[in-house]
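Now for the letters of each chain:
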Amino acid sequence: MNKGDFIPFSFWKRHEKSGKLVMIMISYIQYRYGVNQMNLNQEIANAVFPSVTRNLTDLERIYPARSLPVNAMVTRFAPSPTGFLHTGSLFASLCSWRYAKQSGGVFFCRLEDTDTKREISGSGNQVLVELAKYGIIPDEDFVSGGAYGPYVQSERKFIYDVVIKDMLENDLAYPCFCTHEDLDAMRRKQEILKVNPGYYGEYAVCRLIPKEQVLAKIKNGDSFVIRFKSPGNQAHKILITDLIRGSFEMTENDQDIVIMKGDGLPTYHFAHLVDDHFMRSTVVTRGEEWMASLPIHLQLFDAMGWDRPKYAHLPDIMKLDEGTRRKLSKRKDPEAAVSFFLKAGYPFEGFLEYLMTIANTNFEAWRLQNPEANIFDFRLSFDKMTLDGALFDLEKVKSISKDRLALFSTGTITEKALEWAKLYQPDFASVIESDISYFHAIMAIERGGEKPRKDYAKYSDIFPIIDFMYDQYYDQYMKGELPFNPNLAKTVIINVLNTYNAEPSLDLGESEWFEKLKSMATECGFSPSVKEYKKNKEAFYGHIGDFAEIIRISVSGKKNTPNFYYILKILGIEKISKRINKTIALLKE
RNA sequence: GGCUGGUUGGAGAAACGGUUAACUCACAAGCCUUUCACGCUUGCAUUCACGGGUUCGAAUCCCGUACCAGUCACCA
């Protein structure tokens, strides 16, 4: 007999009915020898995790509940490092981030890198960089850290181990020694018998191995995984509540799912349980492909006696492919990668705006009412979210982007276009930087006011439209065939050019200038009015439009330009004259 | 195959049992216009996947069918 025999021994145990942790006080003797099975569970747990000393209570202390306002949501984005940011992931993180922020809560980002086979190194950071470009900056993440870290799953093993050890001790989990071959054989057998496939009930063979044998196998070094001992029954239905989809019934989970893989890392299901509990997520936003495993997740939370988080299963972004809809695929669809939009220069504001129209069906109506309001003044709601995956519509992205770009001030678009060009089109960037006020003047053309120009849907659209404003690019156009109307004699064209060159009249206001242009047209045998010309085509070489076209081609090398008057004003008389003379020389060759 | 979710025009969608099914994008025609872009006007679902039922009345409620999507791993 020793002293310890009489000292009360206390420990935490889950209450069988309520699932809550309760403190049990028993004598050491009782604890050590009284309950034989418990003793064996303890020994198995110790054999599996000989170096784990912390317990659940320690973890609860290390990761305490967050002190936040009552309705504040804690949401998260949990990408796997298997490539660059997916358009669907941007959508998901936009939603999660907004839900957290608009409720005064926390949005964090955790890297789910437990599948070491599929990992692409470096892609995790890339995701954060691209999110940041859209203004989505997590409060806590795997680069900046936070109080609930580590934010990389492979670094959280010490946490998972504590929980699994606890589960082994409490007979909530057990080691499974089945090999892949065993499992394949079992599946084939189940297929023949036409029963549900999987590891459950009578098929959960390792569940029935006597504990003494289990212990022996572990000590022997046999390889194993840890499975959750599901208390579920296929015959039971459970009620599921999803913030977006509402309530519906599902079959209770009866599968003894793997929670720890052979490599010692957790599976998704288990990592979700542990991470979202100890990181204190309140709302789990994730793709709808997870809906089917919800019974597993709820069961896991219940088994641990932990509060269930709320769930919001977001719709996927779809694509029409040969008549059927399917998820945007990174391999097949360039628009599935966010980098595609970055490279093409779609304004962030426009793209986010498009994503918002998918996120909440009433967003477009709100935008119509509040055309210039900040996009984040709009409050996202769960019940205005579409249930079916929306087909991705690039045309709509363009249209929305045009609207947003048209509303930018000249200073803003100048700055953003330069920022984009520096990254993706250095030639363009150096052109802008060669004379920033010149570029600024070009961007100012018909900007602001009631009906701003909508020439550009993306930054990459700008340069092809205005490149002729720069001599080196203008010269390129002059090397090719000029698109003059072939029905006009060269002498007529030269006459038009000489006439205008003699009197560019740019000191006049726009309408006076245009009147002047009309009188020059008349002088050269062109009708000043299109209607007039249509009545009597034989009397003229063409109309005022044809007249202006000749000068436009000469000065720009192309048939279309933004407002011609402003183009001419920005170019200046000297440059215009030079260009016209050059055209005449070319025509005379 | 089992289970779960979904189905309104080319796309996103509104509609909460009550006359001719909003709105945005796309498309088409016309107007405006020195070009382009913008803008304006008009057109674009005789019908809400299909079949049946309830009702004075159905896209809306009920039943059945079809189709689409997700899921059923030591992947997330």
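Residues numbered from 1 in each chain as written. Chains lettered and ligands numbered in written order. Predicted model: local features only at pLDDT ≥ 70, side-chain atom pairs only at ≥ 80, totals over all residues.

Asks: Looking at this structure, how should I read the overall build of chain A?
Replies: The helix and strand inventory of chain A stands at 25 helices and 14 strands. Whereas a compact globule of 589 residues would reach a radius of gyration of roughly 25 Å, chain A reaches 35 Å, over 25% beyond that. Overall, the C-alpha framework of chain A stretches about 125 × 55 × 40 Å when taken along its three principal axes. Counting contacts in chain A only where the partners sit at least 6 residues apart, residues at least 24 apart contribute 72% of the total. (Helix = DSSP H or I, 4+ residues; strand = E, 2+ residues; numbered from the N terminus. Rg over C-alpha atoms; globule rule 2.2 N^0.38 Å. Contact = placed C-beta atoms within 7 Å.)

Asks: Honestly, unusual backbone geometry in this entry has me stumped. Any pointers?
Replies: Negative phi characterises most residues that are not glycine, and trans characterises most peptide bonds. Cis rather than trans, the peptide bond between glycine 149 and proline 150 has omega equal to 0 degrees. Its place among the elements puts proline 150 in the loop between α5 (123-133) and α6 (157-169). Phi is positive for glutamate 446, close to 50 degrees, though the residue is something other than glycine. Within the secondary structure, glutamate 446 is located in the loop between α17 (436-443) and α18 (459-466). A tally of 14 C-beta atoms within 10 Å means that glutamate 446 is categorised as partly exposed. (Buried ≥ 20, exposed ≤ 12 C-beta atoms within 10 Å, placed from the backbone.)

Asks: Could you clarify how one ought to interpret the environment of isoleucine 494 in this entry?
Replies: Looking at where isoleucine 494 falls in the secondary structure, it is placed in helix α20 (residues 490-502). A residue is classified by how many C-beta atoms lie within 10 Å of it, and isoleucine 494, with 17 of them, is partly exposed. Spatially, the C-alpha atom of isoleucine 494 lies 21 Å from that of lysine 537, the residues being 43 residues apart in sequence. Beyond its immediate sequence surroundings of up to four residues, isoleucine 494 is in contact with Ile584 and Leu587.

Asks: Even after reading the chapter, I still don't get the domain arrangement of chain A, so can you show me in this structure?
Replies: For an interface, size is often stated in terms of accessible area lost upon the parts coming together. Domain boundaries assigned for chain A yield domain 1 (1-34), domain 2 (408-465) and domain 3 (472-588). Each of domain 2 and domain 3 has a C-alpha centre, and these two points are 26 Å apart. Listed by partner, the interface residues are 7 residues for domain 2 and 4 residues for domain 3. Counted by class, the side of domain 2 that touches domain 3 contains 4 nonpolar, no polar and 3 charged residues. (Domains from an automatic or database assignment. Nonpolar A, V, L, I, M, F, W, Y, C, P; charged D, E, K, R; others polar.)

Asks: How should the sheet that holds strand β13 (residues 324-327) be read in this particular structure?
Replies: Hydrogen bonds along the backbone pair up the strands of a sheet, which may run parallel or antiparallel. Spatially, 3 strands are ordered β13-β12-β14 in an open sheet, and the strand pairing comes out mixed. Strands at the two margins of the open sheet, each flanked by one partner only, are β13 and β14 (390-391). Two strands pair when backbone bridges link them, and strand β12 (residues 317-321) and β13 are joined in this way by 4 bridges, in the antiparallel orientation. For lysine 319, the partnering residue across the bridge sits in β13 and is arginine 326. (Pairing = 2+ DSSP bridges.)

Asks: Looking at this structure, how should I read the sheet that holds strand β9 (residues 258-260)?
Replies: Spatially, the 3 strands line up as an open sheet ordered β5-β6-β9, and their pairing is antiparallel. Of all the strands in the sheet, just β5 (173-176) and β9 have a single pairing partner and so form its edges. Direction aside, neighbouring strands of the sheet carry axes that sit 45 degrees apart on average. Inspection of the sheet shows strand β6 (residues 225-228) paired to β9 by 2 bridges, in the antiparallel sense. Residue pairing in the sheet places isoleucine 226 in a bridge with methionine 260 of β9. Lying over the sheet, α6 contacts β5, β6 and β9, oriented at roughly 100 degrees with respect to β5. (Axes fitted to C-alpha atoms, helices over the stretch in contact; angles between N-to-C directions.)

Asks: How should I be thinking about the protein's contact with RNA strand B in this particular structure?
Replies: Looking at RNA strand B, there are 59 residues lining it, with Glu112, Asp115, Phe248, Gly262 and Thr386 nearest. When the residues that make up the surface near RNA strand B are grouped by side-chain class, the tally is 20 nonpolar, 18 polar and 21 charged. (Near = placed C-beta within 6 Å.)

Asks: Sorry, what's going on with the pairing of strand β7 (residues 237-242) here?
Replies: Moving residue by residue along a regular strand, the side chains alternate between the two faces of the sheet. Note that β7 and strand β8 (residues 246-251) share 6 bridges and pair antiparallel. Each bridged residue has a counterpart across the sheet, and for threonine 241 the counterpart in β8 is serine 247. The loop that links β7 with its antiparallel partner β8 comprises 3 residues.

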